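# Examining the three-dimensional arrangement
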Amino acid sequence: MDLGLTGRKALVCAASKGLGKGCALALAREGVDLVITARGAEALEATADEIRRITGARVTTVAGDIATEAGREAALAVCPEPDILVNNAGGPPPGDFRDWDRDAWIKAIDANMLTPIFLTRAVVDGMAARGFGRIVNITSSSVKAPIAELGLSNGARSGLTGFIAGIARQMAGKGVTINGLLPGAFDTDRLRGGINAAAQRSGQDAEAVADRRRAAIPAGRFGQPDEFGAACAFLCSVHAGYITGQNLLIDGGAFPGTY
Ligand code: NAP
């Protein structure tokens, strides 16, 4: 299927690794010009080179913390009028809600709620004026089904999801769609880090912990960033103009509900 995205411009945040990289690569495969960001310049440049090599796409990098005003300004200075915005940032740490003070909450809200809201605010009117825009927010399955130790994620991402539900309807008549992509367990550094930490805490072998987690997923495996990216590219495509304000779980069947 031709996704109709050749020549479009995308700003893909937090894209040197994992799910953001999966989205960037999938869009590049469709002929999209990319601006990708991450804090670590070395991994970011390596990813940009890899995407150029695989796809031949034009890839520009902006190293910086997207959860800060300076980081967002730097990204928007290089890509002020994207046709596609993929909002992403690192997830908050796990823990016990009794230990999270105001600072911990503000960090989570900054990265996983306010950053995508501010980036959306910066680009959405331009998209509407040009009659085409796609905004995809990488959130989490925790929006649909809370994960006890990830309360910071449950809370901050639900705030984003509530805001997006409103603005998506305001923009629906202007060719702009805004959707959430909700990853379950995907095989990335973040997932591996969580598995290693759980293994250390329990004194078990990391592969045994990973096997148990895989076994709890109906698909029997972790997701791959490439398949996450393919879903993102479809949501950005010309064929997905009637899909807006939705929250699409990609979790191998892990969520046990009917809806
Ligand atoms: P990952 O493999 O650790 O990759 C994170 C990427 O984001 C890296 O490129 C990292 O580069 C960049 N990044 C992190 N914080 C950033 C910041 N403040 N500014 C700019 N770039 C930043 O993580 P992932 O698994 O792809 O997760 C992506 C998002 O999905 C996270 O919010 C995570 O919580 C959420 N999620 C993931 C899963 C999963 O199973 N993987 C499940 C549910 C939700 P630098 O460190 O160099 O900045």
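So, a few notes on the structure that sits alongside this text. Model, not experiment: these values are computed from the prediction. (Residues numbered from 1 in each chain as written. Predicted model: local features only at pLDDT ≥ 70, side-chain atom pairs only at ≥ 80, totals over all residues. Heavy atoms only, no water.)

## What about unusual backbone geometry?
Quick reminder of the rule: Counting from the N terminus, the helices are DSSP H or I runs at least four residues long and the strands are E runs at least two residues long.
You will see that Ala14, though not glycine, has its phi angle at about 55 degrees, which is positive. Tracing the backbone through its elements, the reader meets Ala14 in the loop between β1 (9-12) and α1 (18-29).

## Brief notes about the packing of aromatic side chains
The following threshold applies: Side-chain rings of Phe, Tyr and Trp (the six-membered ring for Trp) are treated as a pair once their centres are within 6.5 Å; stacked means planes under 30 degrees apart, edge-to-face means over 60, and tilted covers the remaining angles. Remark: exposure states derive from per-residue accessible area (1.4 Å probe, protein chains only) relative to the maximum for the residue type, with buried under 20%, exposed over 50%, and partly exposed in between.
By the definition in use, this model includes 2 aromatic pairs. Taken together, a centroid distance of 6.0 Å and an interplanar angle of 90 degrees make the contact between Trp100 and Trp105 edge-to-face. Residue Trp105 is classed as partly exposed on the basis of its relative accessible area, which comes to 30%. When the centroid spacing of 5.3 Å and the interplanar angle of 80 degrees are considered together, the rings of Phe186 and Phe228 count as edge-to-face. With Phe186 in the loop between β6 (176-183) and α6 (189-202) and Phe228 in helix α8 (residues 225-236), this pair connects stretches of sequence that are 42 residues apart. The pair Phe186 / Phe228 is uniform in exposure class, with both members buried.

## Overview of the side chain of Thr177
Put simply, the test is: Contacts are residue-level and defined by heavy atoms, with any inter-residue pair within 4.5 Å sufficient.
If you trace the backbone, Thr177 turns up in strand β6. When neighbours within four sequence positions are excluded, Thr177 is seen to be in contact with Gly133, Arg134, Ile135, Leu235, Ala240, Gly241, Ile243 and Thr244.

## Side note on the site of the ligand
Quick reminder of the rule: Any residue with a heavy atom positioned within 4 Å of a molecule or strand is treated as near that molecule or strand. Two N or O atoms form a polar contact when they lie within 3.5 Å of each other; inside protein one atom must be a possible hydrogen donor and the other a possible acceptor, and for residues adjacent in sequence the pair counts only when both atoms belong to side chains. Computed by Shrake-Rupley with a 1.4 Å probe, the accessible areas treat only the displayed protein chains as cover when residues are assessed.
Near the ligand there are 27 residues, and of these Ser16, Arg39, Asp65, Ala89 and Thr188 occur at the shortest range. Note that an oxygen atom of the ligand is positioned 2.8 Å from one of the backbone N or O atoms of Leu19. Contact distances for the ligand include 2.7 Å between a nitrogen atom and a side-chain N or O atom of Asp65. When the free accessible area of the ligand is taken as 880 Å², the share hidden by the protein chains comes to 88%.

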